[in-house]
Amino acid sequence: MTDTFRAILVSKADSGQTTEIVDLTPADLMEGDVTVAVDYSTINYKDGLALTGAAPIIRHWPLIPGIDFAGKVESSSHASIKVGDRVVLNGYGVGEGHHGGYAQKARVKGDWLVRLPDSISNEHAAAIGTAGYTAMLCIRALEKNGVTPDKGDILVTGAAGGVGSVAIAILSKLGFRVIASTGRASEADYLKGLGASDIIDRKELSEKGRPLGKERWAGVVDAVGSHTLVNAIAGTMYGGTVAACGLAQGMDLPGSVAPFILRGITLAGIDSVMAPMAKRVEAWKRLATDLDLARLDAMTSRVTLKDVPPLGAEILAGKVRGRIVVDVNA
Ligand code: NDP
(Lines give C-alpha, C1' and ligand atoms only; values in the text may rest on other atoms or scores of the structure.)
Protein backbone atom coordinates (compact mmCIF):
# COMPACT_ATOMS: atom_id res chain seq x y z
CA MET A 1 0.00 0.00 0.00
CA THR A 2 1.41 3.40 -0.90
CA ASP A 3 1.33 5.99 1.84
CA THR A 4 0.65 8.98 -0.39
CA PHE A 5 -1.39 12.06 0.41
CA ARG A 6 -2.70 14.98 -1.63
CA ALA A 7 -1.30 18.51 -1.30
CA ILE A 8 -1.11 21.85 -3.05
CA LEU A 9 2.49 22.58 -3.99
CA VAL A 10 3.74 26.02 -5.05
CA SER A 11 7.01 26.06 -6.99
CA LYS A 12 9.22 28.83 -8.26
CA ALA A 13 9.44 29.19 -12.03
CA ASP A 14 11.25 31.69 -14.28
CA SER A 15 7.90 33.25 -15.08
CA GLY A 16 6.85 33.57 -11.41
CA GLN A 17 5.34 30.72 -9.43
CA THR A 18 3.33 27.65 -10.35
CA THR A 19 0.68 25.89 -8.32
CA GLU A 20 -0.36 22.25 -8.68
CA ILE A 21 -2.12 19.54 -6.75
CA VAL A 22 0.27 16.63 -6.26
CA ASP A 23 0.58 13.31 -4.46
CA LEU A 24 3.36 13.31 -1.86
CA THR A 25 4.69 10.81 0.67
CA PRO A 26 5.58 11.42 4.34
CA ALA A 27 9.25 11.57 3.27
CA ASP A 28 8.41 14.84 1.46
CA LEU A 29 7.39 16.54 4.71
CA MET A 30 9.76 18.66 6.78
CA GLU A 31 11.13 18.01 10.24
CA GLY A 32 8.85 17.87 13.22
CA ASP A 33 8.01 15.73 16.22
CA VAL A 34 4.29 15.48 15.47
CA THR A 35 2.46 14.25 12.36
CA VAL A 36 -1.14 15.34 11.96
CA ALA A 37 -3.86 13.86 9.76
CA VAL A 38 -5.26 17.17 8.55
CA ASP A 39 -9.04 17.49 8.33
CA TYR A 40 -9.45 21.14 7.40
CA SER A 41 -7.43 24.19 6.42
CA THR A 42 -8.58 27.76 5.68
CA ILE A 43 -7.90 30.76 3.47
CA ASN A 44 -6.63 33.94 5.13
CA TYR A 45 -5.42 37.20 3.57
CA LYS A 46 -1.80 36.03 4.04
CA ASP A 47 -2.62 32.80 2.19
CA GLY A 48 -3.84 35.00 -0.66
CA LEU A 49 -0.48 36.79 -0.68
CA ALA A 50 1.36 33.44 -0.70
CA LEU A 51 -0.82 31.76 -3.34
CA THR A 52 -0.59 34.69 -5.75
CA GLY A 53 3.00 35.70 -4.98
CA ALA A 54 1.76 39.27 -4.42
CA ALA A 55 4.14 39.52 -1.45
CA PRO A 56 7.22 37.42 -0.61
CA ILE A 57 5.46 35.27 2.01
CA ILE A 58 6.91 31.95 0.79
CA ARG A 59 10.48 31.49 1.99
CA HIS A 60 11.09 27.85 1.00
CA TRP A 61 10.55 26.32 -2.45
CA PRO A 62 8.64 24.29 -3.35
CA LEU A 63 6.15 24.77 -0.49
CA ILE A 64 2.79 23.51 0.65
CA PRO A 65 1.05 26.78 1.58
CA GLY A 66 -1.72 27.19 4.19
CA ILE A 67 -1.00 29.02 7.46
CA ASP A 68 -3.69 27.10 9.39
CA PHE A 69 -4.83 23.52 9.84
CA ALA A 70 -6.93 21.47 12.22
CA GLY A 71 -6.75 17.71 12.51
CA LYS A 72 -5.95 14.65 14.59
CA VAL A 73 -2.48 13.66 15.79
CA GLU A 74 -1.29 10.53 13.97
CA SER A 75 2.13 10.13 15.59
CA SER A 76 4.05 12.10 18.19
CA SER A 77 7.31 12.07 20.10
CA HIS A 78 6.41 15.37 21.80
CA ALA A 79 6.08 15.28 25.58
CA SER A 80 2.55 16.68 25.83
CA ILE A 81 0.94 16.10 22.42
CA LYS A 82 -0.50 12.60 22.19
CA VAL A 83 -1.75 10.37 19.36
CA GLY A 84 -5.46 11.08 18.87
CA ASP A 85 -5.33 14.67 20.20
CA ARG A 86 -7.41 17.14 18.20
CA VAL A 87 -5.15 20.09 17.42
CA VAL A 88 -5.09 23.43 15.62
CA LEU A 89 -2.09 25.23 14.18
CA ASN A 90 -2.03 28.96 13.40
CA GLY A 91 1.06 30.65 12.03
CA TYR A 92 4.54 30.03 13.44
CA GLY A 93 5.79 30.39 9.85
CA VAL A 94 3.85 27.33 8.68
CA GLY A 95 2.69 27.95 5.10
CA GLU A 96 5.60 30.42 4.79
CA GLY A 97 8.89 28.63 5.55
CA HIS A 98 7.50 25.23 6.64
CA HIS A 99 5.01 23.01 4.75
CA GLY A 100 1.49 24.08 5.65
CA GLY A 101 -2.15 23.16 5.81
CA TYR A 102 -3.18 22.60 2.17
CA ALA A 103 -2.44 18.89 2.46
CA GLN A 104 -3.93 15.76 3.96
CA LYS A 105 -0.90 15.41 6.23
CA ALA A 106 1.36 17.82 8.12
CA ARG A 107 4.51 17.33 10.18
CA VAL A 108 5.33 20.16 12.59
CA LYS A 109 6.81 20.93 15.99
CA GLY A 110 4.49 19.89 18.78
CA ASP A 111 5.34 23.20 20.46
CA TRP A 112 3.34 24.93 17.71
CA LEU A 113 0.11 23.03 18.33
CA VAL A 114 -2.86 24.03 20.47
CA ARG A 115 -5.09 21.20 21.74
CA LEU A 116 -8.67 22.13 20.88
CA PRO A 117 -11.29 22.70 23.56
CA ASP A 118 -13.96 19.94 23.46
CA SER A 119 -16.66 22.31 22.26
CA ILE A 120 -14.74 23.38 19.13
CA SER A 121 -14.82 20.77 16.34
CA ASN A 122 -11.93 20.53 13.88
CA GLU A 123 -14.14 22.12 11.22
CA HIS A 124 -15.09 25.02 13.49
CA ALA A 125 -11.42 25.46 14.43
CA ALA A 126 -10.61 25.92 10.74
CA ALA A 127 -13.58 28.25 10.30
CA ILE A 128 -12.10 30.39 13.08
CA GLY A 129 -8.55 30.04 11.74
CA THR A 130 -5.86 32.67 12.03
CA ALA A 131 -8.37 35.41 11.20
CA GLY A 132 -10.71 34.47 14.05
CA TYR A 133 -7.98 33.80 16.58
CA THR A 134 -6.50 37.20 15.68
CA ALA A 135 -9.91 38.82 16.17
CA MET A 136 -9.89 37.33 19.68
CA LEU A 137 -6.36 38.64 20.32
CA CYS A 138 -7.60 42.13 19.32
CA ILE A 139 -10.58 41.87 21.67
CA ARG A 140 -8.32 40.68 24.52
CA ALA A 141 -6.18 43.78 23.95
CA LEU A 142 -9.27 46.01 24.27
CA GLU A 143 -10.33 44.20 27.44
CA LYS A 144 -6.86 44.38 28.99
CA ASN A 145 -6.92 48.14 28.47
CA GLY A 146 -10.24 48.48 30.26
CA VAL A 147 -12.59 48.84 27.29
CA THR A 148 -15.97 47.56 28.51
CA PRO A 149 -19.40 47.80 26.86
CA ASP A 150 -20.43 50.74 29.08
CA LYS A 151 -17.47 52.82 27.80
CA GLY A 152 -18.89 53.17 24.28
CA ASP A 153 -19.14 51.60 20.83
CA ILE A 154 -16.47 49.50 19.09
CA LEU A 155 -15.50 50.19 15.47
CA VAL A 156 -14.60 47.14 13.37
CA THR A 157 -12.93 47.88 10.02
CA GLY A 158 -12.71 45.44 7.10
CA ALA A 159 -15.97 44.26 8.61
CA ALA A 160 -17.11 41.76 5.98
CA GLY A 161 -13.69 40.04 5.87
CA GLY A 162 -12.49 37.21 8.12
CA VAL A 163 -11.04 39.14 11.08
CA GLY A 164 -13.89 41.65 10.90
CA SER A 165 -16.72 39.10 10.75
CA VAL A 166 -15.42 37.07 13.71
CA ALA A 167 -14.71 40.25 15.72
CA ILE A 168 -18.29 41.46 15.23
CA ALA A 169 -19.77 38.13 16.31
CA ILE A 170 -17.63 37.97 19.47
CA LEU A 171 -18.04 41.63 20.43
CA SER A 172 -21.81 41.52 20.10
CA LYS A 173 -21.99 38.35 22.22
CA LEU A 174 -19.90 40.14 24.86
CA GLY A 175 -22.48 42.96 24.93
CA PHE A 176 -20.61 45.59 22.92
CA ARG A 177 -22.41 47.84 20.44
CA VAL A 178 -20.54 47.43 17.14
CA ILE A 179 -20.10 49.89 14.28
CA ALA A 180 -19.05 47.96 11.17
CA SER A 181 -17.06 49.76 8.47
CA THR A 182 -17.35 48.10 5.06
CA GLY A 183 -16.91 48.87 1.39
CA ARG A 184 -19.70 46.41 0.61
CA ALA A 185 -23.05 48.09 1.33
CA SER A 186 -24.69 44.94 -0.05
CA GLU A 187 -23.41 43.06 3.03
CA ALA A 188 -25.32 45.24 5.52
CA ASP A 189 -27.83 42.47 6.35
CA TYR A 190 -25.01 39.94 6.71
CA LEU A 191 -23.16 42.25 9.13
CA LYS A 192 -26.31 42.96 11.13
CA GLY A 193 -26.92 39.20 11.30
CA LEU A 194 -23.50 38.83 12.93
CA GLY A 195 -24.42 41.46 15.51
CA ALA A 196 -23.40 44.86 14.09
CA SER A 197 -25.65 47.75 15.16
CA ASP A 198 -24.47 50.39 12.69
CA ILE A 199 -22.91 50.09 9.26
CA ILE A 200 -20.69 52.85 7.87
CA ASP A 201 -19.16 53.21 4.40
CA ARG A 202 -15.42 52.58 4.57
CA LYS A 203 -14.94 55.70 2.39
CA GLU A 204 -15.68 57.72 5.55
CA LEU A 205 -12.36 56.48 6.94
CA SER A 206 -10.16 55.71 3.94
CA GLU A 207 -9.11 59.24 2.90
CA LYS A 208 -6.62 61.54 4.61
CA GLY A 209 -8.34 63.05 7.66
CA ARG A 210 -7.70 65.43 10.55
CA PRO A 211 -5.39 64.59 13.48
CA LEU A 212 -8.33 64.62 15.90
CA GLY A 213 -11.96 63.98 15.07
CA LYS A 214 -15.25 63.70 16.93
CA GLU A 215 -14.99 61.07 19.68
CA ARG A 216 -17.12 58.24 18.27
CA TRP A 217 -15.96 54.90 19.66
CA ALA A 218 -14.26 53.57 22.80
CA GLY A 219 -12.30 50.90 20.97
CA VAL A 220 -11.36 49.70 17.51
CA VAL A 221 -10.51 46.38 15.85
CA ASP A 222 -8.66 47.45 12.70
CA ALA A 223 -7.83 45.00 9.91
CA VAL A 224 -7.13 47.73 7.34
CA GLY A 225 -4.21 50.03 8.35
CA SER A 226 -3.18 53.20 6.48
CA HIS A 227 -5.59 56.21 6.51
CA THR A 228 -8.37 54.00 7.87
CA LEU A 229 -6.34 53.21 10.99
CA VAL A 230 -5.30 56.85 11.39
CA ASN A 231 -8.93 58.04 11.14
CA ALA A 232 -10.05 55.27 13.49
CA ILE A 233 -7.51 56.49 16.05
CA ALA A 234 -8.60 60.12 15.53
CA GLY A 235 -12.22 59.16 16.26
CA THR A 236 -11.47 57.21 19.45
CA MET A 237 -12.80 58.54 22.76
CA TYR A 238 -10.53 59.79 25.52
CA GLY A 239 -8.60 56.85 27.07
CA GLY A 240 -9.75 54.35 24.42
CA THR A 241 -7.79 51.57 22.72
CA VAL A 242 -7.22 50.71 19.08
CA ALA A 243 -6.11 47.15 18.26
CA ALA A 244 -4.23 47.18 14.94
CA CYS A 245 -3.75 43.84 13.18
CA GLY A 246 -4.08 44.38 9.45
CA LEU A 247 -2.99 46.11 6.29
CA ALA A 248 -5.78 45.54 3.74
CA GLN A 249 -5.62 49.23 2.73
CA GLY A 250 -1.88 49.62 3.31
CA MET A 251 1.06 49.19 5.65
CA ASP A 252 1.59 52.92 6.13
CA LEU A 253 0.50 54.89 9.17
CA PRO A 254 0.17 58.45 7.88
CA GLY A 255 -0.99 60.13 11.10
CA SER A 256 -0.34 62.38 14.06
CA VAL A 257 0.61 61.84 17.69
CA ALA A 258 -2.24 64.16 18.74
CA PRO A 259 -4.68 61.37 19.77
CA PHE A 260 -1.97 59.74 21.90
CA ILE A 261 -0.79 62.87 23.73
CA LEU A 262 -4.11 64.73 23.96
CA ARG A 263 -6.57 61.86 24.47
CA GLY A 264 -4.36 59.16 25.99
CA ILE A 265 -5.31 56.68 23.27
CA THR A 266 -3.52 53.31 23.33
CA LEU A 267 -2.47 51.73 20.05
CA ALA A 268 -2.19 47.99 20.65
CA GLY A 269 -0.24 46.05 18.03
CA ILE A 270 -1.50 42.52 17.42
CA ASP A 271 0.69 39.71 16.11
CA SER A 272 -0.76 36.23 15.78
CA VAL A 273 2.16 34.48 14.07
CA MET A 274 4.68 34.36 16.92
CA ALA A 275 2.24 34.98 19.80
CA PRO A 276 3.39 32.94 22.82
CA MET A 277 1.62 29.66 23.55
CA ALA A 278 -0.06 30.87 26.76
CA LYS A 279 -1.74 33.70 24.82
CA ARG A 280 -2.92 31.26 22.13
CA VAL A 281 -4.36 28.78 24.62
CA GLU A 282 -6.18 31.61 26.38
CA ALA A 283 -7.53 32.94 23.06
CA TRP A 284 -8.82 29.50 22.00
CA LYS A 285 -10.41 29.02 25.44
CA ARG A 286 -12.21 32.34 25.06
CA LEU A 287 -13.28 31.46 21.50
CA ALA A 288 -14.91 28.33 22.94
CA THR A 289 -17.11 30.43 25.21
CA ASP A 290 -17.52 33.78 23.46
CA LEU A 291 -18.13 32.95 19.81
CA ASP A 292 -21.65 31.90 18.84
CA LEU A 293 -21.17 28.85 16.60
CA ALA A 294 -24.38 29.54 14.68
CA ARG A 295 -22.94 32.93 13.71
CA LEU A 296 -19.62 31.29 12.83
CA ASP A 297 -21.51 28.91 10.53
CA ALA A 298 -23.34 31.86 8.97
CA MET A 299 -20.05 33.49 7.96
CA THR A 300 -18.34 30.32 6.68
CA SER A 301 -18.25 28.81 3.21
CA ARG A 302 -16.70 25.44 2.39
CA VAL A 303 -14.38 24.53 -0.48
CA THR A 304 -12.00 21.72 -1.50
CA LEU A 305 -8.27 21.80 -2.33
CA LYS A 306 -8.88 22.34 -6.04
CA ASP A 307 -10.86 25.52 -5.30
CA VAL A 308 -8.04 27.11 -3.29
CA PRO A 309 -5.67 28.61 -5.93
CA PRO A 310 -8.17 31.05 -7.53
CA LEU A 311 -9.48 32.09 -4.11
CA GLY A 312 -6.05 33.56 -3.32
CA ALA A 313 -6.66 36.41 -5.76
CA GLU A 314 -10.28 36.77 -4.65
CA ILE A 315 -9.39 37.36 -1.00
CA LEU A 316 -6.79 39.99 -1.93
CA ALA A 317 -9.42 41.75 -4.04
CA GLY A 318 -11.68 41.96 -0.96
CA LYS A 319 -14.26 39.68 -2.62
CA VAL A 320 -14.35 36.95 0.01
CA ARG A 321 -17.02 37.29 2.67
CA GLY A 322 -16.34 35.99 6.17
CA ARG A 323 -14.36 32.78 6.42
CA ILE A 324 -13.52 29.87 4.10
CA VAL A 325 -12.95 26.31 5.31
CA VAL A 326 -10.95 24.00 3.05
CA ASP A 327 -11.91 20.32 3.35
CA VAL A 328 -8.58 18.77 2.33
CA ASN A 329 -10.05 15.26 2.10
CA ALA A 330 -13.03 16.05 -0.17
P1 NDP B 1 -10.03 39.50 4.45
O2 NDP B 1 -9.65 39.73 3.03
O3 NDP B 1 -10.99 38.42 4.77
O4 NDP B 1 -10.61 40.86 5.07
C5 NDP B 1 -10.06 42.12 4.76
C6 NDP B 1 -11.20 43.10 4.57
O7 NDP B 1 -10.64 44.42 4.51
C8 NDP B 1 -11.96 42.94 3.26
O9 NDP B 1 -12.94 41.96 3.34
C10 NDP B 1 -12.55 44.32 3.10
O11 NDP B 1 -13.69 44.45 3.95
C12 NDP B 1 -11.45 45.23 3.67
N13 NDP B 1 -10.61 45.79 2.61
C14 NDP B 1 -10.02 45.13 1.59
N15 NDP B 1 -9.32 45.97 0.82
C16 NDP B 1 -9.47 47.20 1.38
C17 NDP B 1 -8.99 48.50 1.04
N18 NDP B 1 -8.21 48.71 -0.03
N19 NDP B 1 -9.35 49.53 1.82
C20 NDP B 1 -10.13 49.35 2.90
N21 NDP B 1 -10.62 48.14 3.27
C22 NDP B 1 -10.29 47.09 2.52
O23 NDP B 1 -8.67 39.28 5.25
P24 NDP B 1 -8.45 38.71 6.73
O25 NDP B 1 -9.62 39.03 7.55
O26 NDP B 1 -7.92 37.33 6.63
O27 NDP B 1 -7.24 39.65 7.21
C28 NDP B 1 -7.47 41.03 7.40
C29 NDP B 1 -6.14 41.75 7.59
O30 NDP B 1 -5.56 41.38 8.83
C31 NDP B 1 -5.10 41.45 6.52
O32 NDP B 1 -4.36 42.61 6.24
C33 NDP B 1 -4.22 40.42 7.19
O34 NDP B 1 -2.92 40.41 6.66
C35 NDP B 1 -4.24 40.89 8.62
N36 NDP B 1 -3.99 39.84 9.59
C37 NDP B 1 -2.99 40.05 10.49
C38 NDP B 1 -2.73 39.14 11.46
C39 NDP B 1 -1.71 39.44 12.48
O40 NDP B 1 -1.17 38.53 13.10
N41 NDP B 1 -1.42 40.70 12.72
C42 NDP B 1 -3.44 37.85 11.49
C43 NDP B 1 -4.56 37.76 10.57
C44 NDP B 1 -4.79 38.73 9.63
P45 NDP B 1 -15.03 45.21 3.49
O46 NDP B 1 -15.41 44.60 2.17
O47 NDP B 1 -16.01 44.93 4.58
O48 NDP B 1 -14.68 46.66 3.36
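Residue positions are counted from 1 within each chain, in the order its sequence is given. Local features are withheld for residues below a pLDDT of 70 in this predicted model, meaning they are given only at 70 or higher, and side-chain atom pairs are given and counted only at 80 or more; totals for whole chains, interfaces and linings count all residues. Water and hydrogen atoms play no part in the side-chain values, which are based on all heavy atoms of the structure.

So what about the sheet that holds strand E13 (residues 266-269)? Which residues, and what values?
Strand order in the open sheet formed by six strands is E10-E9-E8-E11-E12-E13, with parallel pairing between adjacent strands. This sheet does not close on itself; its edge strands, each paired only once, are strand E10 (198-201) and E13. With strand direction ignored, the average angle separating the axes of adjacent strands in the sheet is 20°. Between two residues, a contact is recorded if the distance between any of their heavy atoms is within 4.5 Å. Interaxial angle, 0 to 180 degrees, is taken between N-to-C directions of lines fitted to C-alpha atoms, where a helix line uses only the stretch in contact. Secondary structure elements follow DSSP: runs of H or I no shorter than four residues count as helices, runs of E no shorter than two count as strands, and numbering proceeds from the N terminus. The strands that helix H6 (residues 226-234) touches are strand E8 (154-157), strand E11 (217-222), strand E12 (236-244) and E13; relative to E12, the one it contacts most, it runs at about 150°. When DSSP locates at least two bridges between a pair of strands, those strands are taken to pair.

Please give an account of the domain arrangement of the protein that cites residues and values.
The split into domains, and so the bounds of each, comes from an automatic or database assignment of domains. According to the domain assignment, the protein contains domain 1 (5-116 + 299-327) and domain 2 (130-269). Each of domain 1 and domain 2 was reduced to a C-alpha centroid, and the two centroids are 29 Å apart. On the domain 2 side, the residues contacting the 13 residues of domain 1 number 15 residues. Each of two parts loses accessible area, computed with a 1.4 Å probe, when they are put together; buried area is these two losses added. In total, about 1,000 Å² of surface goes out of reach between domain 1 and domain 2, with carbon and sulfur atoms giving 57% of it. A pairing counts as a salt bridge when a side-chain nitrogen of Lys or Arg comes within 4 Å of a carboxyl oxygen of Asp or Glu. Counting every contact that joins domain 1 to domain 2 gives one salt bridge. Put simply, Arg321 and Glu187 hold a salt bridge, and the shortest N to O gap is 2.9 Å. For this scheme, ten residues count as nonpolar: Ala, Val, Leu, Ile, Met, Phe, Trp, Tyr, Cys and Pro. Four count as charged, namely Asp, Glu, Lys and Arg, and the remainder, Gly too, count as polar. A per-class count over the side of domain 1 that touches domain 2 returns four nonpolar, five polar and four charged.

How would you sum up the packing of aromatic side chains? Please name residues and give values.
Pairing of aromatic side chains requires ring centres within 6.5 Å, counting the rings of Phe and Tyr and the six-membered ring of Trp. Pairs whose planes differ by under 30 degrees are stacked, by over 60 edge-to-face, and all others tilted. Applying the stated rule across the entire model yields one aromatic pair. Between Tyr92 and Trp112, the aromatic rings sit 5.9 Å apart at their centres with planes inclined by 20°, giving stacked as the arrangement. With Tyr92 in the loop between strand E5 (86-90) and strand E6 (105-108) and Trp112 in the loop between E6 and strand E7 (114-115), the pair connects residues that are 20 residues apart, well separated along the chain. When sorted by exposure, Tyr92 lands in the same class as Trp112, which is buried. Partly exposed residues are those whose accessible area sits between 20% and 50% of the maximum for their type, while under 20% is buried and over 50% is exposed, using a 1.4 Å probe and protein chains only.

Could you give me a rundown of the side chain of Asp153, with the residues and numbers involved?
Position of Asp153 relative to the elements: it lies in the loop between helix H2 (122-144) and E8. You can call Asp153 buried: its relative accessible area is 17%. A distance of 2.9 Å separates polar atoms of two side chains, one belonging to Asp153 and the other to Arg177. Each residue touching Asp153, except ones within four places of it in the same chain, is listed here: Arg177, Ile179, Arg216, Trp217, Ala218 and Gly219. Whenever two N or O atoms come within 3.5 Å, that pair is a polar contact, provided that in protein one can donate a hydrogen and the other can accept it, and provided that, for residues adjacent in sequence, both atoms are side-chain atoms.

Account for helix H8 (residues 277-290), naming residues and giving values.
Given a rise of 1.5 Å per residue, 14 residues ought to cover 20 Å, and the 20 Å separating the end C-alpha atoms of H8 matches this to within 8%. Along H8, the residues classified as buried are Arg280, Ala283, Trp284, Arg286, Leu287 and Asp290. The buried residues of H8 occupy one face: seen down the axis, they fall within an arc of 160°. H8 presents Ala278 and Lys285 as exposed residues on the side facing more than 90 degrees away from its buried surface. Considering only its buried residues, H8 is in contact with E5, E7, H2 and helix H3 (162-173). Expected span of a helix, by definition, is 1.5 Å for each gap between consecutive residues, and there is one gap fewer than residues. Think of it as the arc spanned by the lines of direction from the helix axis to the C-beta atoms.

Provide a residue-level description of the site of the ligand, including the pertinent values.
Near the ligand you find 25 residues, and of these Val163, Thr182, Gly183, Arg184 and Ser272 are the closest. Between the ligand and Ala160 there is a distance of 2.9 Å, counted from an oxygen atom to a backbone nitrogen or oxygen. At 2.8 Å, a backbone N or O of Val163 approaches an oxygen atom of the ligand. Exposure was quantified through the Shrake-Rupley algorithm and a 1.4 Å probe, taking into account, for residues, occlusion by the shown protein chains and nothing else. Considered on its own, the ligand offers 920 Å² of accessible surface; in the complex 89% of this is hidden by protein. Elements represented by at least two residues in the shell around the ligand include exactly H2 and H3. Of the residues that constitute the shell around the ligand, the class distribution is eleven nonpolar, eleven polar and three charged. Two domains each put at least three residues into the shell around the ligand: domain 1 (5-116 + 299-327) and domain 2 (130-269). Summary of the distance rule: residues count as near a molecule or strand when at least one heavy atom falls within 4 Å of that molecule or strand.

Just give me the short version of a nonpolar patch on the surface, but keep the residues and values in it.
Patches here are clusters of residues that have more than 30% relative accessible area and form no salt bridge, with a 9 Å joining cutoff for like charges and a 5 Å cutoff for nonpolar side chains (Val, Leu, Ile, Met, Phe, Trp, Tyr). A cluster of nonpolar residues, Val257, Ile261 and Leu262, forms a patch on the protein surface that exposes about 330 Å² of accessible area. Residue Leu262 is classed as exposed on the basis of its relative accessible area of 53%.

Hey, could you go over the layout of surface pockets for me, with residue numbers and the actual values?
In this structure, the largest pocket occupies an estimated 1,200 Å³ of space. Computed over the protein atoms alone on a 1 Å grid, cavities are sets of points where a 1.4 Å probe fits but cannot get out and pockets are open sets with protein on both sides within 12 Å along at least five of seven lines; a residue lines them when it has an atom within 4 Å of a point. Contributing to the lining of the largest pocket are 48 residues, with Tyr45, Ala223, Gly246, Leu247 and Ala248 lying nearest its centre. Taken together, the elements giving at least two residues each to the lining of the largest pocket come down to helix H1 (45-52), H2, H3, strand E9 (178-182) and helix H10 (308-316). Broken down by element, the residue count for the lining of the largest pocket peaks at four residues, all from H2. Within the lining of the largest pocket, the residues separate by chemical class into 23 nonpolar, 19 polar and six charged. Viewed by domain, the lining of the largest pocket spans two of them, domain 1 (5-116 + 299-327) and domain 2 (130-269), each represented by three or more residues. Grid points are joined across faces, edges and corners, and a volume is the space filled by probe spheres set on the points.

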